[in-house]
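Fold and contact review
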Amino acid sequence: MTASPVGPSFHTMWKELAPIGRDTRTGGYRRHAWTGADADCRTWFQEQAETRGLAYETDRNGNQWAWLGDPTAGNAVVTGSHLDSVPDGGAFDGPLGVVSAFAALDELRLRGAEFRRPVGIVNFGDEEGARFGLACTGSRLTAGVLTREAAYRLHDADGVTLPEAMENAGYDPEAIGPDPVRLSRIAAFVELHIEQGRALDLSGDRIGLASAIWPHGRWRFDFAGEANHAGTTRIADRRDPMLGFAATVLAARRAAEDTGAVATFGRVAVEPNGVNAIPSLVRGWLDARAADPQMLDEVVAAVESAARERAAHDRVEVTLVRESFTPVVEFAHALRDELAGLLGGSVPVLGTGAGHDAGILSGSVPTAMLFVRNPTGVSHSPAESASEDDCTAGVLALADVLEGLACGSR
């Protein structure tokens, strides 16, 4: 990769973005969709586009776009990621790809690159799904894998629906829906992302390429029992849904260990949620991911079986709802091989258990992903990190890729 003064561009933007939505107590981020922090991130994106003389637009689903060249000409090369976060998330998951996209464009301009194709930078809305419970909402709507009717049924913990939140933020929810014309104009989408694991750290490489995204989904388990007094109700008389939930959490861990998959209960809601009250309802969300669909089915079936067995023992009713599912995503082999060639041919190729907008778009557009080394493997946490040198290497790798795709004779 060519040496370059790309650092100042990247780090200036990183410093400007860093305070937005950051909790000074935990150090984590709360950039949830259609909130004040999200609006500030969107303002930052628009300012970066306009500062560079790029054409700025927001599409029908609230995704932001910055364009060099005419996007309606077609055959465009697009890069970017997202700016929202999980609760108390890290700084790099998503924003690294957006900041690197602008910095890579700066780098190409310094090189005097001559563009043969339009180049776009995108910030997809609500990738994490932290507020409304569905990941990649912006890209799902655009690709038509989330219907408008289903999107309208999404709501946050306070009962605010997605269309209400969009309208409160100044966007028109009546416009949301598939955007096939926009996608038909994109020849390739390349998303740069921090690695959410330690494969690159263990191999000693700064940059990697994605091979595939594991199939994954979210399942909601509802355990309905009977609320009662914690101090006066005999153990034999209790219909305590917390017991079924606890057994199910342990069953998920066992199923993951037995299969080599991952299964996590990371969110729980309890009613009435009193210290001295037996719950009437415990609702838990399972996130499960596996190397292939059959393994994933086996994990979820094992967890469901354990939940129903324990619920029957405790005279509790259990309901299982699949809230989302993404099948295995094989990134376009031809595009991946082309990127490997542009990067010198010795870049490691990695699978990942994390979902991304690139995975959602892969059914409509040739997509690829670049990973930047994460020294600890920690993600979705304030401890998420990447070194300045590795971030710079990521920008240069993305610039090399964009130069090859948008400036070459491809």
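See above for the structure.
For the structure given in this document, a descriptive report is provided here. (Residues numbered from 1 in each chain as written. Predicted model: local features only at pLDDT ≥ 70, side-chain atom pairs only at ≥ 80, totals over all residues. Heavy atoms only, no water.)

1. Re the sheet that holds strand β12 (residues 317-326)
Strand order in the open sheet formed by four strands is β9-β11-β7-β12, and the pairing between neighbours is antiparallel. At either end of the open sheet lies a strand with only one pairing partner, and these are β9 (262-271) and β12. The sheet shows a mean angle of 15 degrees between the axes of neighbouring strands, direction not considered. Bridge analysis of strand β7 (residues 216-224) against strand β11 (residues 281-289) gives nine bridges, and the strand direction is antiparallel. Residue pairing for β11: Ala224 is matched across the bridge by Leu281. Together, β7, β9 and β11 form the strand contacts of helix α9 (residues 241-259), whose direction differs from that of β9 by roughly 170 degrees. Packed onto the sheet, helix α10 (residues 293-313) meets β7, β9, β11 and β12 and runs at close to 5 degrees relative to β7. (Pairing = 2+ DSSP bridges. Helix = DSSP H or I, 4+ residues; strand = E, 2+ residues; numbered from the N terminus. Axes fitted to C-alpha atoms, helices over the stretch in contact; angles between N-to-C directions. Contact = heavy atoms within 4.5 Å.)

2. Description of the layout of surface pockets
The volume enclosed by the largest pocket comes to roughly 1,300 Å³. Along the wall of the largest pocket there are 46 residues; nearest its centre are Val86, Arg218, Asp287, Arg289 and His380. Elements with a minimum of two residues in the lining of the largest pocket: β7, β9, β11, β12 and β14 (349-352). With five residues, β9 is the largest single contributor of residues to the lining of the largest pocket. Of the residues assigned to the lining of the largest pocket, the class counts are 15 nonpolar, 20 polar and 11 charged. Space inside the second largest pocket adds up to approximately 600 Å³. In this structure, the second largest pocket is lined by 23 residues; those nearest its centre are Phe132, Gly133, Leu154, Arg220 and Glu323. Grouping the constituent residues of the lining of the second largest pocket by class yields 11 nonpolar, three polar and nine charged. (1 Å grid on protein atoms, 1.4 Å probe; cavity = no way out; pocket = protein on both sides within 12 Å on 5 of 7 lines; lining within 4 Å. Points joined across faces, edges and corners; volume = space filled by probe spheres on them. Nonpolar A, V, L, I, M, F, W, Y, C, P; charged D, E, K, R; others polar.)

3. Examining the pattern of salt bridges
One pass over the full model with this rule turns up 22 salt bridges. Close ionic contact of Asp222 with Arg283 constitutes a salt bridge, the shortest N to O distance being 2.7 Å. Placement of the pair is Asp222 in strand β7 and Arg283 in strand β11, with a sequence separation of 61 residues. The class for Asp222 is buried, based on a relative accessible area of 9%. Connected through shared salt-bridge partners, Glu107, Arg111, Asp400 and Glu403 make up one network. (Salt bridge = Lys/Arg side-chain N within 4 Å of Asp/Glu carboxyl O. Buried < 20%, exposed > 50% of the residue type's maximum accessible area, 1.4 Å probe, protein only.)

Nothing here speaks to function; it is all geometry.
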